[in-house]
Amino acid sequence: MTIVLPHGVLFRGGSEEEIRKNLIEKNNIDAIIGLPANIFFGTGIPTIVMVLRQKRENDDILFVDASKGFAKVGKNNQLRARDIRKIVDAVTERRDIPKFSRRVSRDTIRENDYNLNIPRYVNSAETDEQWDIYATMFGGIPNCELDAFAPMWSKFPSLRAELFRDLDNGYSELIPSHDDLRRVIADNAEVRQFNESYAETVSNVGKSLDDYLIDRLREPEFVADLNPQFHLSALTSFLFDYLKPFNLIDEYAAYQVLTEHWAQISGDLEIIHSEGLVAANVVDPNMVVKKKDGKDVEVQDGWAGRIIPIDLVERVMLSDELASVENDRAALEATRSHIAEIIENLPEAEGETPWLKEDGSAFVPKELKAKVKKIKQEYGSKAPEGSVEFMLLDADKSLDLEKKQKAAYNAALIELISKAIETIENLTPDDIITLLKAKWSTPLNDALIDVDRRLISDFTSLLTSLSEKYSETLVDIDNNITSAEKSLASLIDNLTGSDNDMAGLREFQKLLRHE
């Protein structure tokens, strides 16, 4: 049995203490889980989940401090999939996880007068930042602070020597420049090997998704018995097994990636389970809600594939046509940029400029045409280069070009979308399988690889902060201040003013010169 209670029941005296003592001595408390504050609607107080069992083989209590793992959603905190999974794993497997969970014997709890306050048994507080006095005064990076990255040095044995030179006095100095630190880490042979091995390993998650699920969607019997939750559980097991050799990777961060991608996959699977694989051949009106006369009205805004996105079909099966449309778009944007550049470079004209909008953001085509007509009457088709007239002629041509390019781009875009819709409606089962792999497996694989990238990036950022922390000593700072004071005192000699002003400046100089 599990019950949700306010945090205070764990340590308050009186009748609550008697209840705690009774439950502990009868060995009924299996686990206590501390949740984040503001997790339930209507109350912002910290809460706990107490897991009670009538008969237990073990006589310890598992304390879990899950108060730090959550996502901020509006005004409330919300447990993520990774947070829930970590709690479940800790409780079901009774894991001791540093700063998160710990099994505590009944004797220890007795010694603490039956106080069950979680921080008494699990210290989840962040380590306070330390400042080494010697390094602050003389420079160098304390080796004890570098030792905090022991798991990284253990995994990449050559990296520390590439980055830091040991000064033989308990301190080290950075070898590459701060700006070069990221490159040196990325180029380290062991880091590269780790990245490549991890990428190859996690690709097996996508391959498992392909082999055990996507490829089998051709089979009507398999589709009829589809159970998305079963396949998520199987993929989760695969993922955790694949990650075992990579102890630096946070397996729950990877699990979060899997569950976030699975939200879309499971939605598609529900449709396939209900309608069959032919649902991937359906294109529906894309209905959106827009304001009309102050009311929300549902209107059509283009088309959307029921399962296969139109833009995915364009990328995978109509790449040449898509490239042509992108070229048209790029040409249109280039012309628009040129028009904006003309406006920006136009000198401020005296008098009215009706060919420009009042805010100067764009030309007024009708007024520009009238102005250009007068310019041509005076200069012909070519005005003096660099003149306002020359720029307005250029703008007129560019606006005409923009109009043609916009029409061509819109027509090509409509044709591309029409062709994509036709393609979706005529997809073969093999085509659908290929597109589902591109929609499901490829993004999942890329996101899992990004977990490793974030690991190396965060490590690099922490090392950079540490090296910058002691890069300038207090002696350096004091010398810089002294130099700045002397420079400012010298500059004051060049100032002039009233007798009172000069008297004040001379006194200020004394302060700067420490006289």
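Colleague: Looking at this structure, I do not really get the layout of surface pockets. What am I missing?
Modeller: Think of a ball as big as a water molecule: rolled over the atoms, this probe shows where empty space is left. There is about 1,900 Å³ of room inside the largest pocket. Lining the largest pocket are 42 residues, and of these K99, E126, A148, D250 and L462 sit closest to its centre. Ranked by residues supplied to the lining of the largest pocket, first place goes to helix 17 (residues 429-469) with 9 residues. Its residues placed into classes, the lining of the largest pocket shows 19 nonpolar, 7 polar and 16 charged. Considered as a void within the structure, the second largest pocket measures approximately 240 Å³ in volume. For the second largest pocket, the lining is made up of 13 residues, of which F240, L243, K244, I249 and E251 are closest to its centre. Elements represented by at least two residues in the lining of the second largest pocket include exactly helix 2 (81-92), helix 11 (228-243) and helix 12 (251-275). Considering only residue class, the lining of the second largest pocket consists of 5 nonpolar, 1 polar and 7 charged.

Colleague: What is the right way to look at the nonpolar core in this model?
Modeller: One recurring pattern in soluble globular proteins: nonpolar side chains tend to sit buried together. Of all hydrophobic cores here, the largest spans 81 residues; its most connected members are L217, L436, W440 and L463. Counting residues per element, this core draws most heavily on helix 17, at 15 residues. Apart from residues no more than four positions distant in its own chain, W440 is found in contact with L209, L213, I214, L217, Q264, I265, D268, L269 and I272.

Colleague: Looking at this model, I keep getting lost on the sheet that holds strand 3 (residues 47-52). Mind explaining?
Modeller: Note: strands within a sheet are paired through backbone hydrogen bonds, in either parallel or antiparallel orientation. The 5 strands lie next to each other as 1-3-2-4-7, forming an open sheet whose pairing is mixed. On the outer flanks of this sheet lie strand 1 (2-6) and strand 7 (101-104), each paired with one strand and no other. For this sheet the average axis-to-axis angle between neighbouring strands, irrespective of direction, equals 20°. Where strand 2 (residues 29-34) lies against strand 3, 5 bridges are found, and the strand directions are antiparallel. Across the sheet, A31 pairs through a bridge with V51, a residue of strand 3.

Colleague: What exactly am I supposed to notice about the environment of A81 here?
Modeller: By the element assignment, A81 lies in helix 2. Considering only alpha carbons, one finds A81 and A253, 172 residues apart in sequence, at a separation of 9.5 Å. Setting aside residues up to four positions removed in sequence, A81 forms contacts with Y255, Q256 and T259.

Colleague: Help me out: how do you make sense of empty space enclosed by the protein in this one?
Modeller: Tallied over the full model, the rule gives 2 cavities of 30 Å³ or more. The volume enclosed by the largest cavity comes to roughly 50 Å³. If you go around the largest cavity, the residues you meet are S208, L209, Y212, L213, H231, A234, L235 and F238. Sorting the residues of the lining of the largest cavity by element identifies helix 9 (189-212) and helix 11 as the ones contributing at least two each. A total of 4 residues in the lining of the largest cavity trace back to one element, the largest contributor, which is helix 11. Approximately 40 Å³ is the volume attributed to the second largest cavity.

Colleague: Help me understand the sheet that holds strand 10 (residues 171-174) in this model?
Modeller: An order of 8-10-9 is seen for the 3 strands of this open sheet, with the pairing classed as antiparallel. Across the chains shown, the open sheet's two edge strands, defined by having one partner strand only, are strand 8 (141-142) and strand 9 (164-166). With 3 bridges connecting them, strand 9 and strand 10 associate as antiparallel partners. Across the sheet, F164 pairs through a bridge with L174, a residue of strand 10.

Each value, and the rule that gives it
Residues numbered from 1 in each chain as written. Predicted model: local features only at pLDDT ≥ 70, side-chain atom pairs only at ≥ 80, totals over all residues. Heavy atoms only, no water. 1 Å grid on protein atoms, 1.4 Å probe; cavity = no way out; pocket = protein on both sides within 12 Å on 5 of 7 lines; lining within 4 Å. Points joined across faces, edges and corners; volume = space filled by probe spheres on them. Helix = DSSP H or I, 4+ residues; strand = E, 2+ residues; numbered from the N terminus. Nonpolar A, V, L, I, M, F, W, Y, C, P; charged D, E, K, R; others polar. Core = buried A, V, L, I, M, F, W, Y, C linked by side-chain atoms within 4.5 Å. Buried < 20%, exposed > 50% of the residue type's maximum accessible area, 1.4 Å probe, protein only. Contact = heavy atoms within 4.5 Å. Pairing = 2+ DSSP bridges. Axes fitted to C-alpha atoms, helices over the stretch in contact; angles between N-to-C directions.

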